[in-house]
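Survey of secondary and tertiary structure
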Amino acid sequence: MSTLAQRLEAVQSRIRDAAVRAGRDPATVTLIAVSKRQPAAAIREAYALGVRDFGENYAQELRDKAAELADLTDLRWHAIGPLQTNKARYVADVAHAFHALDREAVAEALVRRRGDRPLEVFLEVNLAGEASKGGVAPSSLSALHAAIAAHPTLHIRGLMALPPLTAAPEDARPHFRQLAGLARDLHLDALSMGTTADFEVAIGEGATHVRVGTAIFGPR
Ligand SMILES: *Cc1c(COP(=O)(O)O)cnc(C)c1O
């Protein structure tokens, strides 16, 4: 049984190696430790090991953990899951960034609650047309981008995707490459892509934010 410290160190070292292989500065890759369905104690442990960026999927779980961990004032919460307008307040209250923006109604709900405080957002793209997942179709992305850009307090950092689960990490490469191309067209330089299954491939295709849960915290 490995410890959280050992698993975290292994992930960080794989991130460094993948960046170097891609000719990139490892400092350009932010590790978001995905802590959904993990106890607050595990987050405290990762925080004590130096992690500051944590990802949560569910709005109420984010609200509860943010309250429980409010003493960790420089912890950054990344809301990475689909969001309904009636729960937008939980994200607006505590998040540093929202990675799954795919509808103008959600943007409006976030802005309403957030007030003047800026919020970083990533536009989620549904690359493979999967009905079970959020995100806009690539063909609707530029319209969404224009609508979101009209909100001065939403800072569009880049694009996010969760490609279809495949047997081999390499199978995700064409999806990551497509997302990078879409970001380039919109002059966006941040890419939130790559999970436990495929974060090294994502880094090879330009990921700036990798969202890794299981490899750090173990199974949920
Ligand atoms: C759960 C989740 C992750 C992390 O997945 P792991 O396989 O545990 O690394 C990343 N991104 C999103 C959107 C998720 O829902």
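Report follows, based on the coordinates. Chains are numbered independently. Their residues run from 1 in the order of the written sequence. Residue-level local features of this predicted model are given only where pLDDT is at least 70; pairs of side-chain atoms are given and counted only at 80 or more, and the full residue set underlies all totals for whole chains, interfaces and linings. Here the side-chain values reflect all heavy atoms present in the structure, with hydrogen atoms and water set aside.

**Topic: the packing of aromatic side chains**
For any two aromatic rings, the description comes down to two numbers: the centre-to-centre distance and the angle of the planes. The condition is simple: Under the pairing criterion, centres of Phe, Tyr and Trp rings, with the six-membered ring standing for Trp, must be within 6.5 Å; the plane angle then separates stacked pairs below 30 degrees from edge-to-face pairs above 60, leaving the rest tilted. Runs of E in the DSSP output that reach at least two residues are strands. Runs of H or I that reach at least four are helices, and both are numbered from the N terminus. Throughout, exposure labels follow a simple rule: accessible area from a 1.4 Å probe, protein chains only, divided by the maximum for the residue type, with under 20% read as buried, over 50% as exposed, and the rest as partly exposed. Only when the NZ atom of a Lys or the CZ atom of an Arg is both within 6 Å of the ring centre and within 35 degrees of the ring normal do we say a charge sits over the ring.
The full count for this structure, using the stated rule, is one aromatic pair. When the ring of Phe54 is compared with that of Trp77, the centres are 6.2 Å apart and the planes differ by 50 degrees; the resulting orientation is tilted. Highlighted residues: Phe54 in strand 2 (residues 53-56) and Trp77 in strand 3 (residues 76-79), separated in sequence by 23 residues. On the basis of relative accessible area, Phe54 is assigned to the buried category, the value being 0%. The class of Trp77 is buried, set by a relative accessible area of 6%. Here the basic side chain of Arg52 rests over the ring of Tyr47, its NZ or CZ set 3.6 Å away from the ring centre. Residue placement shows Arg63 over the ring face of Tyr90; its charged tip is 4.5 Å from the ring centre.

**Examining helix 1 (residues 4-21)**
Selection rule: What a helix should span is 1.5 Å times the count of its residues minus one. What the arc covers is the set of directions going from the helix axis to the C-beta atoms. Residue contacts follow a heavy-atom distance rule, with two residues in contact if any of their heavy atoms lie within 4.5 Å.
Helix length check: helix 1 (18 residues) gives 26 Å between terminal C-alpha atoms against 26 Å at 1.5 Å per residue, within 8%. Every buried residue of helix 1 is accounted for by Leu4, Arg7, Leu8, Val11, Ile15, Ala18 and Ala19. For helix 1, the arc enclosing every buried residue in end-on projection is 105 degrees, short of the 170-degree limit, so these residues lie on one face. Among the exposed residues of helix 1, those oriented more than 90 degrees off its buried face are Val20 and Arg21. The inward-facing, buried residues of helix 1 contact strand 1 (30-34), helix 2 (40-48), helix 8 (199-204), strand 8 (209-212) and helix 9 (214-217). Backbone geometry just downstream of helix 1 places Gly23 in the positive-phi region, at approximately 70 degrees.

**Let's talk about the site of the ligand**
The criterion, for reference: A single heavy atom is enough: if one lies within 4 Å of a molecule or strand, its residue is considered near that molecule or strand. Identification of polar contacts relies on pairs of N or O atoms within 3.5 Å, with a donor-acceptor requirement for protein atoms, meaning one able to donate a hydrogen and the other able to accept it, and with residues adjacent in sequence counted only if both atoms are side-chain atoms. Surface accessibility in these figures is a Shrake-Rupley result with a 1.4 Å probe; residues are shielded only by whichever protein chains are displayed. Here the term cavity refers to a set of points on a 1 Å grid, laid over the protein atoms alone, in which a 1.4 Å probe fits but cannot get out; the term pocket refers to an open set having protein on both sides within 12 Å along at least five of seven lines, with lining residues being those that place an atom within 4 Å of a point. A molecule is counted as occupying a cavity or pocket when more than half of its atoms fall within 2 Å of that pocket's grid points.
Around the ligand lies a shell formed by Val34, Lys36, Asn57, Ile80, Leu162, Thr195, Thr196, Arg211, Val212, Gly213, Thr214 and Arg220. Note that an oxygen atom of the ligand is positioned 2.7 Å from one of the side-chain N or O atoms of Asn57. Arg211 places a polar side-chain atom, nitrogen or oxygen, 2.9 Å from a nitrogen atom of the ligand. Contact with the protein chains covers 87% of the free accessible surface of the ligand, which is 390 Å². Assessed atom by atom at 2 Å from the grid points, the ligand resides in the largest pocket.

**Observations regarding the nonpolar core**
Nonpolar side chains in soluble globular proteins tend to be buried together. In plain terms, the rule: Nonpolar cores are built from buried Ala, Val, Leu, Ile, Met, Phe, Trp, Tyr and Cys residues. Side-chain atoms within 4.5 Å join them into one set.
Core analysis: the biggest nonpolar cluster contains 74 residues, and Phe54, Phe98 and Leu159 have the highest contact counts within it. Sequence-distant contacts of Phe98, defined by excluding residues within four places in its chain, comprise Ala79, Gly81, Leu83, Val91, Val106, Leu110, Leu119, Glu120, Val121 and Phe122.

**So, the pattern of salt bridges**
Under the convention used in this document: Basic side-chain nitrogens of Lys or Arg form a salt bridge, by our definition, when they fall within 4 Å of a carboxyl oxygen of Asp or Glu.
Overall, the coordinates contain 15 salt bridges when judged by the stated rule. Linking Arg76 and Asp53 is a salt bridge whose minimum nitrogen-to-oxygen distance equals 2.8 Å. Highlighted residues: Arg76 in strand 3 and Asp53 in strand 2, separated in sequence by 23 residues. Across the pair Asp64 and Arg63 runs a salt bridge whose closest N-O atoms are separated by 3.0 Å. Residue classification places Asp64 among the partly exposed positions, given a relative accessible area of 41%. Through salt bridges with shared partners, a single network forms among Glu170, Arg173, Arg177 and Glu205.

**Some points on the environment of Leu179**
One can find Leu179 in helix 7 (residues 173-185). Using a relative accessible area of 0% as the deciding quantity, one classes Leu179 as buried. Separated by 175 residues in the primary sequence, Leu179 and Leu4 have C-alpha atoms spaced 31 Å apart. Not counting the four nearest positions on each side in its chain, Leu179 is found in contact with Val125, Leu127, Leu159, Met160, Ala161, Leu191 and Met193.

**A closer look at the layout of surface pockets**
So the rule is basically this: Grid points are joined across faces, edges and corners, and a volume is the space filled by probe spheres set on the points. Charged means Asp, Glu, Lys or Arg here, nonpolar means Ala, Val, Leu, Ile, Met, Phe, Trp, Tyr, Cys or Pro, and polar covers whatever is left, Gly included.
One number sums up the size of the largest pocket: a volume of about 560 Å³. Lining the largest pocket are 30 residues; nearest its centre among them are Lys36, Asn57, Leu162, Thr195 and Arg211. Among the residues forming the lining of the largest pocket, the class breakdown is 14 nonpolar, 10 polar and six charged. There is about 190 Å³ of room inside the second largest pocket.

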